[in-house]
Amino acid sequence: GESVGLHLPTLSVQEGDNSIINCAYSNSASDYFIWYKQESGKGPQFIIDIRSNMDKRQGQRVTVLLNKTVKHLSLQIAATQPGDSAVYFCAENKGYDYKLSFGAGTTVTVRA
Amino acid sequence: NAGVTQTPKFRVLKTGQSMTLLCAQDMNHEYMYWYRQDPGMGLRLIHYSVGEGTTAKGEVPDGYNVSRLKKQNFLLGLESAAPSQTSVYFCASSPQGSSYNEQFFGPGTRLTVL
């Protein structure tokens with residue numbers, strides 16, 4: 001069954017604002033948590049990952065936060081742009097079985 | 001490099017028919033995966049392979065078979081298609097030696113079973 005899940009299925013954001021997409025997980029033994037982006041009609045694309053012994057990791061305009069106390073991770077997108085409109089998935093890597101487990105996805109819509 | 005390609009892009013089958021979906025990658029990746037994506041359910045792993053000649057079951061393997069005879073190709077077969085197999089199918093690959101967090105996905109195959 002699904003061990004990572006997203007809090008909200010949809011998110012509407014004003015262009016230029018910051019977006020926060022949340023995800024909860026149940027497996028404390030996971031090695032990594034990962035975020036993917038899927039644009040309409042395309043396959044998912046890797047955004048960023050974070051190892052379970054870290055609290056924060058930054059990329060280009062994105063930051064992932066990991067709160068192990070409440071088993072929660074979030075993806076923050078700075079200065080959201082129209083090209084950020086997509087479905088975002090969180091996923092976990094248990095570290096031993098060559099597989100990722102994906103959550104259901106949050107659809108982000110950017111309003112002009 | 002073409003990356004990960006999938007053939008065909010669309011297909012309509014009748015219940016009971018069989019078909020094979022082809023995935024090809026030109027990145028010399030060791031690991032390859034087949035997922036299905038249904039509305040509201042994210043990506044579910046069907047089968048995967050950690051090297052040429054090896055395959056393993058994922059989360060939802062029933063009704064599907066796979067083969068990895070060549071490193072660059074990963075085939076997904078439906079022996080007797082059912083309406084429940086209507087879905088979008090994605091193939092992905094990742095290199096050995098990495099944490100395999102970054103998987104490279106193909107454009108998908110939209111399959112409808114009537």
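Before reading further, recall that the structure is shown in the block above.
Please read all numbers here as calculations on a predicted model, not as lab measurements.

Analysis parameters
- Here the residue numbering is sequential within each chain, running from 1 through the sequence in written order.
- Chains carry letters and ligands carry numbers; both start at the beginning, A for chains and 1 for ligands, and go up in the order they are written.
- This being a predicted model, a pLDDT of at least 70 is required before a residue's local features are given, and a value of 80 or more before pairs of side-chain atoms are given or counted; all residues contribute to the totals for chains, interfaces and linings.
- Side-chain measures here rest on the full set of heavy atoms in the structure, leaving out hydrogens and waters.
- Throughout, a residue-residue contact means that at least one pair of heavy atoms, one from each residue, lies within 4.5 Å.
- Salt bridges are counted wherever a side-chain nitrogen of Lys or Arg sits within 4 Å of a carboxyl oxygen of Asp or Glu.
- Polar contact criterion, stated in full: a pair of N or O atoms within 3.5 Å, where within protein one must be able to donate a hydrogen and the other to accept it, and residues adjacent in sequence count only if both atoms are side-chain atoms.
- A run of H or I in DSSP counts as a helix once it spans at least four residues, and a run of E counts as a strand once it spans at least two, with each numbered from the N terminus.
- Only Asp, Glu, Lys and Arg are considered charged in this grouping, and only Ala, Val, Leu, Ile, Met, Phe, Trp, Tyr, Cys and Pro are considered nonpolar; every other residue, Gly among them, is considered polar.
- What makes a nonpolar core is a set of buried Ala, Val, Leu, Ile, Met, Phe, Trp, Tyr and Cys residues whose side-chain atoms join them at distances within 4.5 Å.
- Any residue under 20% of the maximum accessible area for its type is buried, any over 50% is exposed, and the rest in between are partly exposed; the area is computed with a 1.4 Å probe on protein chains only.
- By definition, disulfides here are pairs of cysteine sulfur atoms that lie within 2.5 Å.
- At least two bridges found by DSSP between two strands are what make those strands a pair.
- Interaxial angle, 0 to 180 degrees, is taken between N-to-C directions of lines fitted to C-alpha atoms, where a helix line uses only the stretch in contact.
- Any Phe, Tyr or Trp ring, taking Trp's six-membered ring, that has another such ring centre within 6.5 Å forms a pair; planes under 30 degrees apart are called stacked, those over 60 apart edge-to-face, and the others tilted.

## Examining the interface of chain A and chain B
Then step 1. Each side of the interface is counted separately: chain A has 21 residues, and chain B has 21 residues.
Then step 2. Put simply, chain A and chain B have zero salt bridges between them.
Then step 3. At the boundary of chain A and chain B, one finds eight residue pairs in polar contact (both at pLDDT 80 or more).
Then step 4. Of all the secondary structure elements, the ones that give two or more residues to the side of chain A that touches chain B are strand S4 (32–38), strand S5 (45–51), strand S9 (86–93) and strand S10 (100–102) of chain A.
Then step 5. Counting residues per element, the side of chain A that touches chain B draws most heavily on S4(A), which supplies four residues.
Then step 6. Its residues assigned to classes, the side of chain A that touches chain B comprises 11 nonpolar, six polar and four charged.

## Quick look at the nonpolar core
Most often, soluble globular proteins keep nonpolar side chains buried together rather than apart.
Then step 1. By size, the foremost hydrophobic cluster in this structure holds 20 residues, and its most contacted members are Ile21(A), Trp35(A), Leu73(A), Leu75(A) and Tyr88(A).
Then step 2. Mapped onto this core, the elements with two or more residues apiece are strand S3 (19–25), S4, S5, strand S7 (62–67), strand S8 (72–77), S9 and strand S11 (106–111) of chain A.
Then step 3. Membership of the second largest hydrophobic core comes to 19 residues, among which are Leu13(B), Met19(B), Trp34(B) and Tyr89(B).

## A few points about the state of the cysteines
Then step 1. Under the counting rule described, the total for this entry stands at two disulfides over all chains.
Then step 2. Each sulfur of the disulfide joining Cys23(A) and Cys90(A) lies 1.8 Å from the other. One disulfide, between Cys23(A) and Cys90(A), carries an S-S torsion of 50° and so falls in the right-handed class. Highlighted residues: Cys23(A) in strand S3 and Cys90(A) in strand S9, separated in sequence by 67 residues. Accessibility assignment for this pair places Cys23(A) and Cys90(A) in one class, buried.
Then step 3. Through a disulfide, Cys23(B) is tied to Cys91(B); the S-S separation comes to 1.9 Å. A torsion of -75° about the S-S bond marks the disulfide between Cys23(B) and Cys91(B) as left-handed. In this pair, Cys23(B) is assigned in strand S3 (residues 19–25) and Cys91(B) in strand S9 (residues 87–94), connecting sequence segments 68 residues apart.
Then step 4. Take Cys23(B): its relative accessible area is 0%, and that puts it in the buried class.
Then step 5. According to the relative accessible area criterion, Cys91(B) is buried, its value standing at 0%.

## Section: the sheet that holds strand S1 (residues 4–7) of chain B
Residues and elements named next belong to chain B.
Then step 1. An order of S1-S3-S8-S7 is seen for the four strands of this open sheet, with the pairing classed as antiparallel. Lying at the two open borders of the sheet, with one neighbouring strand each, are S1 and strand S7 (64–67). Ignoring which end each strand starts from, the neighbouring axes of this sheet average 20° apart.
Then step 2. In terms of strand pairing, S1 meets S3 through four bridges, oriented antiparallel. Looking at the pairing, Thr 5 lines up with Ala 24 of S3.

## Quick notes on the packing of aromatic side chains
Then step 1. Evaluated as defined, the whole model comprises 15 aromatic pairs over all chains.
Then step 2. When the centroid spacing of 6.4 Å and the interplanar angle of 85° are considered together, the rings of Phe89(A) and Phe102(A) count as edge-to-face. Taken together, the positions of Phe89(A) in strand S9 and Phe102(A) in strand S10 put the pair 13 residues apart, joining distant regions of the chain. With respect to burial, Phe89(A) and Phe102(A) carry one shared label: buried.
Then step 3. Judged by centre distance (6.2 Å) and plane angle (20°), the ring pair of Tyr33(B) and Tyr48(B) falls under stacked.

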